[in-house]
Amino acid sequence: MDVDGGRGIHFNEEIVVDILSRLPVRSLLRFKCVSKFWMALISEPCFTLKHLKLAKNNQNSPKILFLKNMFSLYLSSLTPPSLSLTQFTEDVQNLDWLYGGKPWSCKIYCCYDGMVLVGVRRYDNINHLILCLWNPSTRESTVLPSTKFLPSEDYTCGLGYDSTSGDYMILKIGYQSCSEILAVKSGSWRIIGKPTGIYSSWLSDMDSLAFVHGAFHWLGLSRNESVTSYDISNGVFKEIPLPDGMFVVPDMKYVKHGLSVLGEMICICSTHHDQWKHTFNVWIMKEYGVKESWNRLFTIQSSDLYSLIPEYRFSDGEVLLRCKHFDHCGYIFKTTKESSGFWPQSRSEWVWGARDRAGNCETVGISSPVESGDPLSTNIALERAL
Amino acid sequence: MVKLKSNDDKEFEVEEAAVIQSEMIKNMIEDGCATSVIPLPNIDSKTLIKVIEYLNKHINMGKAAETGEEDDLKEFDEQFVNMGWEELFDVIMAANYLNIHELMELCCQSAADRLKNKSVRAVREMLKITNDLTEEEEQEIINDAPWAFEGPEIDDTVN
């Protein structure tokens, strides 16, 4: 076996990269200390990309990120198919709060490529919502530039990646009219037009805008009620038809609709409420943009649950659900399997929000997560109650 | 049958169906350059025996699923990578040279699994790497993410 100083055993660079790209971020941050050659290699943007790509393709260990008991953040692996909900709290990870002190409130909107979009309000200015990108696997975060939106205006936002420009994008859609988009590298917000013919957006039941197929999605009110999409690479608004018989505007029966992404497909959960029970119908659009491909995935009736969000679809088809239960504060998790039980069982444990879907990618956030466009895994939504 | 010759001049006969899992040899056969013995100047006989063992077991990979041999193959793979460090690296070099994708995957994953929780010192020793960072440079890297250097799982042993 040949040996060569800083490189060690005479592997060519390709082999070293092949081995290192399979390591978790924590190991990689440590192994930058091995030698100059390793440090340079692990710091390369193309290594970061390779690591992310491999992590995204590896569907073996999806992870979920959630906030429990106010301010303890947990990142945990989900083990399909027999999800053991008691294993949820295995790996504890604390959010590195920005500016030191704990915030007054925190909302985690969504996750893409392992990066998490977070909204934070500080005690010294609770009216000002600060948006941050956070990479939990490197524990790095970046405050995003502030926006022209009025501080009081409600909006929701989403995080996505534009493969044309190779940049991450954040879209904010206001309840009134205004919409802005931020290309993370450029660092400045740009106002985008309004979709023609769409009068208003129906965002109340969405944690964040759903990003799939290079476009953001939310429910829009127009002559034909539809899913509104905004394609970030060409800046075009489009409408995607809903399943027949579904209406966005709430009437006496339909309490609400939620739009999310499940296994790379647009997913709508409509909640129907009558006196004693809630009925949740979950639909997925199997073929993007094709109305005929809307399929009802499952229906759940319950007298205990009053809210349901599909979070993650395991390879055996079972779906992880985040629910609100009449007897519990915060959220509980269960799966579509009848016998799944739920977590947490103790009423003293509160889960304020959680979520995954990025599957499992972990990130090598070597420089700031923004510059290297790093990944990790997960996504949440939580609003701190004081 | 195809004849392979290791760098210590030993010859091995391998079924063509097995040996074409190597992209390199497959190309040689397709180009008609594999009429007599194929010399492999980068691979010693000990390593070549391991590689051939793998190729013979993984013959007709596609059929394994149909015949319910998938678990058997998995078990074989687990046993196969149960070898010493240096042996594993020799197999990785050979798999890379012969371009055997699945074997490369298997062995690189095994190397990564073994390195995952190792301390910096242990990694240097296992891979015979000389530290060429200055103390200041090292401290800077540690300061960037001190949490990556602490923890009960970090293993300082070399094996």
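About the thresholds
Residues numbered from 1 in each chain as written. Chains lettered and ligands numbered in written order. Predicted model: local features only at pLDDT ≥ 70, side-chain atom pairs only at ≥ 80, totals over all residues. UniProt positions renumbered as here; feature names shortened; annotations may be inferred. Helix = DSSP H or I, 4+ residues; strand = E, 2+ residues; numbered from the N terminus. Buried ≥ 20, exposed ≤ 12 C-beta atoms within 10 Å, placed from the backbone. Contact = placed C-beta atoms within 7 Å. Rg over C-alpha atoms; globule rule 2.2 N^0.38 Å. Nonpolar A, V, L, I, M, F, W, Y, C, P; charged D, E, K, R; others polar. Pairing = 2+ DSSP bridges. pLDDT = per-residue confidence, 0-100. Axes fitted to C-alpha atoms, helices over the stretch in contact; angles between N-to-C directions. Parallel < 35°, antiparallel > 145°, perpendicular 65-115°, else oblique. Left-handed = near helix turned anticlockwise from the far one by under 90°.

Going by the annotation in an unreviewed UniProt entry, the name recorded for chain B is SKP1-like protein, with Capsicum annuum given as the source organism. UniProt lists a comment for chain B under the heading Subunit (unreviewed entry), and it reads "Part of a SCF (SKP1-cullin-F-box) protein ligase complex." As stated in UniProt under Function (unreviewed entry), the record for chain B gives "Involved in ubiquitination and subsequent proteasomal degradation of target proteins. Together with CUL1, RBX1 and a F-box protein, it forms a SCF E3 ubiquitin ligase complex. The functional specificity of this complex depends on the type of F-box protein. In the SCF complex, it serves as an adapter that links the F-box protein to CUL1."

In the annotation of an unreviewed UniProt entry, the entry for chain A reads F-box domain-containing protein, and the organism field reads Capsicum annuum.

Undergrad: Any chance you could break down the overall build of chain A for me, citing the residues and the numbers?
TA: When its secondary structure is counted, chain A shows 5 helices and 25 strands. In chain A, buried positions account for 47% of the 386 residues. The contacts in chain A between residues at least 6 apart in sequence include a share of 48% that link residues at least 24 apart.

Undergrad: Residue-level account of the overall build of chain B, with values.
TA: Secondary structure assignment for chain B yields 9 helices and 3 strands. A globule of 159 residues ought to have a C-alpha radius of gyration of about 15 Å, yet chain B, at 20 Å, is considerably larger. Projected onto the principal axes, the alpha-carbon positions of chain B cover approximately 60 × 35 × 25 Å. Going through the 159 residues of chain B one by one, you find that 28% of them count as buried. Sequence-distant contacts in chain B: of pairs separated by 6 or more residues, those separated by 24 or more amount to 68%.

Undergrad: Before we move on, can you summarise the interface of chain A and chain B with the specific residues and values?
TA: Interface extent is often summarised as the accessible area lost during association of the parts. Between chain A and chain B, the contact holds 24 residues from the first and 27 residues from the second. Ranked by residue count, the leading element in the side of chain A that touches chain B is helix α2 (residues 25-31) of chain A, at 5 residues. Partitioned by chemical class, the residues of the side of chain A that touches chain B number 12 nonpolar, 5 polar and 7 charged.

Undergrad: Break down the UniProt feature "domain: SKP1 component POZ" (unreviewed entry) in chain B for me, with residues and values.
TA: The UniProt feature table records "domain: SKP1 component POZ" (unreviewed entry) at residues 1-59 of chain B. Helix makes up 42% of residues 1-59 of chain B and strand 19%, with an end-to-end C-alpha separation of 14 Å.

Undergrad: Explain the pairing of strand β9 (residues 155-162) of chain A residue by residue, including any values.
TA: Residues in a regular strand point their side chains to alternate faces of the sheet. All names here are of chain A. The buried fraction of β9 amounts to 6 of the 8 residues, a majority that puts the element mostly inside the structure. Alignment of β9 against strand β10 (residues 167-174), held across 8 bridges, turns out to be antiparallel. When the sheet's bridge partners are listed, G160 is paired in β10 with M169. Taking the residues between adjacent antiparallel strands as the criterion, β9 and β10 are bridged by 4 residues, where G166 takes a positive phi near 65 degrees.

Undergrad: Hey, could you go over the confidence of the model for chain B for me, with residue numbers and the actual values?
TA: All names here are of chain B. In this model, chain B carries a mean pLDDT of 89, and residues with pLDDT of at least 70 account for 94%. Looking across chain B, the model is least confident in helix α4 (residues 61-66), with a mean pLDDT of 62, and most confident in helix α7 (residues 101-115), with 95. Overall fold confidence (pTM) sits at 0.77, and the ipTM for the predicted complex is 0.92.

Undergrad: Quick one: what's the story with the UniProt feature "domain: SKP1 component dimerisation" (unreviewed entry) in chain B, residue by residue and with numbers?
TA: Mapped onto this numbering, the UniProt entry annotates "domain: SKP1 component dimerisation" (unreviewed entry) at residues 102-148 of chain B. In this annotation, residues 102-148 of chain B is assigned 66% helix and 0% strand; the end-to-end C-alpha distance for the span is 31 Å.

Undergrad: Which residues make up the environment of E16 of chain B, and what values do they have?
TA: Residue and element names in this part refer to chain B. By secondary structure assignment, the location of E16 is in helix α1 (residues 16-19). Given 12 C-beta atoms within a 10 Å radius, E16 is considered exposed. On a C-alpha basis, the gap between E16 and N56 in space is 10 Å, while along the polypeptide they are 40 residues apart. Ignoring sequence-local partners within four residues, the contact set of E16 consists of M1 and V2.

Undergrad: How would you explain the sheet that holds strand β6 (residues 115-122) of chain A if you had to name every residue and give the values?
TA: Residues and elements named next belong to chain A. Reading across the sheet, the 4 strands line up as β5-β6-β7-β8 and stay open at both edges, with antiparallel pairing between neighbours. Of all the strands in the sheet, the pair left with one neighbour each is β5 (105-112) and β8 (140-143). Shown here is a sheet whose adjacent strand axes are inclined to one another by a mean of 25 degrees, direction ignored. Sheet analysis places β5 next to β6, joined by 7 bridges and oriented antiparallel. Counted as the bridge partner of K107 is G119 from β6.

Undergrad: Pulling in residues and values, what's your account of the UniProt feature "domain: F-box" (unreviewed entry) in chain A?
TA: Under the UniProt annotation, the feature "domain: F-box" (unreviewed entry) is placed at residues 11-51 of chain A. With 73% helix and 0% strand, residues 11-51 of chain A has end C-alpha atoms that lie 19 Å from one another.

Undergrad: An account of the packing of helix α6 (residues 85-98) of chain B against α7 of chain B is requested, with residue identities and associated values reported.
TA: Packed helices, taken two at a time, are described by the angle their axes make and the gap between the axes. Residue and element names in this part refer to chain B. Contact pair α6 / α7: the axes reach a minimum separation of 9 Å and the direction vectors enclose 150 degrees. Put simply, α6 runs roughly antiparallel to α7. Once α6 is placed against α7, the crossing between them reads as left-handed. When α6 is examined against α7, the residues L88, V91, I92, A95 and N96 are found in contact with a partner set consisting of L103, M104, C107, C108, S110 and A111.

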